[in-house]
Amino acid sequence: MANDALNLNPPNATLHISTHGSDWLWAAFSVMLFTLLVTVVLNFLRPRGTRLFHQLAIIILATSSLAYFSMASDLGATPISTEFRADGATRQIWYVRYIQWFITFPLLLLSVLLTTGLSLSDIFTALFASIFIVVSGLVGALVHSTYKWGFYTFGCAALFYVWYVLLWHAPRTTFAADGAFRTGFRISSSVFAFMLLTYPIAWALAEGSNVISPTSEMIWYGILDVITGPFFLLFFLFKLNAVDYSAFGFNSGKYTDTAAVVRPTKAQEAGSV
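What comes next concerns the included structure. Since this is a predicted model, take the numbers as computed values, not measurements. (Residues numbered from 1 in each chain as written. Predicted model: local features only at pLDDT ≥ 70, side-chain atom pairs only at ≥ 80, totals over all residues. Heavy atoms only, no water.)

1. Remarks on the pattern of salt bridges
Side-chain pairing between opposite charges can occur once the charged atoms of the two side chains come close.
Argument step 1. Overall, the coordinates contain two salt bridges when judged by the stated rule.
Argument step 2. For the salt bridge of R91 with E217, the shortest nitrogen-to-oxygen distance reads 2.9 Å. Residue R91 is found in strand β2 (residues 90-93), and its partner E217 is found in helix α9 (residues 214-240); the two are separated by 126 residues along the sequence.
Argument step 3. E217 sits in the buried class, given a relative accessible area of 1%.
Argument step 4. Close ionic contact of R97 with D225 constitutes a salt bridge, the shortest N to O distance being 3.6 Å. With R97 in helix α4 (residues 95-113) and D225 in helix α9, this pair connects stretches of sequence that are 128 residues apart. Accessibility classification places R97 together with D225 in one group, the buried group. (Salt bridge = Lys/Arg side-chain N within 4 Å of Asp/Glu carboxyl O. Helix = DSSP H or I, 4+ residues; strand = E, 2+ residues; numbered from the N terminus. Buried < 20%, exposed > 50% of the residue type's maximum accessible area, 1.4 Å probe, protein only.)

In structure tokens form, the structure reads like this:
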């Protein structure tokens, strides 16, 4: 079946994705959606009260699936005048991608940091830094002048803080269950931190300096999102299977989830009269 996305939703900029770029986005969307369905099944196979990480993964994958459906359909972009070009060309800036990252980046970071002994204040500060990075990237991408690199610098500064938390601060905390997930965290945080390194490089070459085409941008970001989304989450959930969930000390706060309701017997009721 032919891909008519660009015919039904014509590009709104001079520099735009090609049909091949849309094909790749549909493929990435399929991976996101399939992994989402698998995670939903795995979530219901787990006992109630031990589904936090699976439900976070579901939110991340559902958001990513929606974003990639939009981008594959050539929807969710706005034209912005390009820098370093004298012909006045415009480029598609995909704001829907930044909406996706605004939701998924903090939740990915939250999933990883919840396995550590970091305080809530440290975790929330790291989550703020991740949101700060995404907002800086979006505003910078929408700016057509050299001032975009100021926002890029702000985002990179916040990224250094996230790296500090992932690679230095969090590994030195006291892990639950006598450090049963310490090795899993070190692997997960190292992979996640490395993937975060590649995003600002892609931004600099795509939305920043317009060195690569929008189609190449989609391929690059798509590979990164598939790795940090479906592949990373499945690996992360697999490593968590070997850890006793109760060791993390999570509690929903609902009485019916933590204790059985004990009803008095008729003898006890009679004795209390």
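After that view of the structure, there is still more to cover.
2. Re the environment of F194
Argument step 1. Structurally, the position occupied by F194 is in helix α8 (residues 182-208).
Argument step 2. A relative accessible area of 52% places F194 in the exposed class.
Argument step 3. As for F194 and W163, which are separated by 31 residues in sequence, their C-alpha atoms are 9.1 Å apart.

3. Overview of the packing of helix α2 (residues 19-45) against α9
Argument step 1. Relative to each other, α2 and α9 sit at 10 degrees, their axes nearing to 10 Å. Viewed along their axes, α2 and α9 adopt a mutual orientation that is roughly parallel. Two secondary-structure elements touch here, α2 through G21, W24, L25, A28, V31, M32, T35 and T39 and α9 through T215, M218, I219, G222, I223, D225, V226, P230, L234 and L237.
Argument step 2. In terms of residue class, the contact of α2 with α9 is built from twelve nonpolar, five polar and one charged. (Axes fitted to C-alpha atoms, helices over the stretch in contact; angles between N-to-C directions. Parallel < 35°, antiparallel > 145°, perpendicular 65-115°, else oblique. Contact = heavy atoms within 4.5 Å. Nonpolar A, V, L, I, M, F, W, Y, C, P; charged D, E, K, R; others polar.)

4. With respect to the nonpolar core
Argument step 1. If you look at the biggest cluster of nonpolar residues, it comprises 54 residues, and the most contacted ones within it are F53, L109, L113, L166, F192 and L196.
Argument step 2. Every element with two or more residues in this core is listed here: α3 (52-72), α4, α5 (120-142), α6 (148-169), α8 and α9.
Argument step 3. Element by element, the count of residues in this core is highest for α4, at nine residues.
Argument step 4. Setting aside anything within four residues of it in sequence, one finds F53 in contact with S111, L114, T115, F236, L237, L240, Y245, F248 and F250.
Argument step 5. Core analysis: the next-biggest nonpolar cluster, separate from the first, contains 16 residues, L25, M71, A72 and W94 among them. (Core = buried A, V, L, I, M, F, W, Y, C linked by side-chain atoms within 4.5 Å.)

5. Some details on the packing of aromatic side chains
Argument step 1. Following the criterion strictly, the structure yields 18 aromatic pairs and no others.
Argument step 2. On the numbers, 5.4 Å between centres and 80 degrees between planes, the contact of W149 with Y152 is edge-to-face. Remark: Y152 and W149 occur in helix α6; sequence separation between them is three residues, near one turn of the helix.
Argument step 3. Accessibility expressed as a relative area gives 22% for Y152, which makes it partly exposed. (Phe/Tyr/Trp six-rings, centres within 6.5 Å; stacked < 30°, edge-to-face > 60°.)

6. Describing unusual backbone geometry
Argument step 1. We note that D74 has phi near 65 degrees; this positive angle belongs to a residue other than glycine.
Argument step 2. Positionally, D74 belongs in the loop between α3 and β1 (78-81).
Argument step 3. With a phi angle near 60 degrees, N210 is a residue other than glycine that sits in the positive phi range.
Argument step 4. You can see N210 is positioned in the loop between α8 and α9.
Argument step 5. Its relative accessible area of 13% is what places N210 among the buried residues.

7. Focus on the environment of S73
Argument step 1. Structurally, S73 is set in the loop between α3 and β1.
Argument step 2. Exposure remark for S73: the relative accessible area of 8% places this residue in the buried category.
Argument step 3. Not counting chain neighbours up to four residues away, the residues in contact with S73 comprise A5, N9 and W26.

8. Quick word on the side chain of S22
Argument step 1. Within the element layout of this structure, S22 appears in helix α2.
Argument step 2. Relative accessible area serves as the criterion here: at 0%, S22 is assigned to the buried category.
Argument step 3. When sequence neighbours within four positions are dropped, the list of residues in contact with S22 reads N3, A5, L6, I17 and A72.

9. Description of α5
Argument step 1. For α5, with 23 residues, the first-to-last C-alpha span of 33 Å sits near the 33 Å given by 1.5 Å per residue.
Argument step 2. Those residues of α5 that sit buried are I123, A126, L127, A129, S130, I133, V134, S136, G137, G140 and A141. (Expected span 1.5 Å × (residues − 1).)

Function cannot be inferred from these measures alone, as they are strictly geometric.
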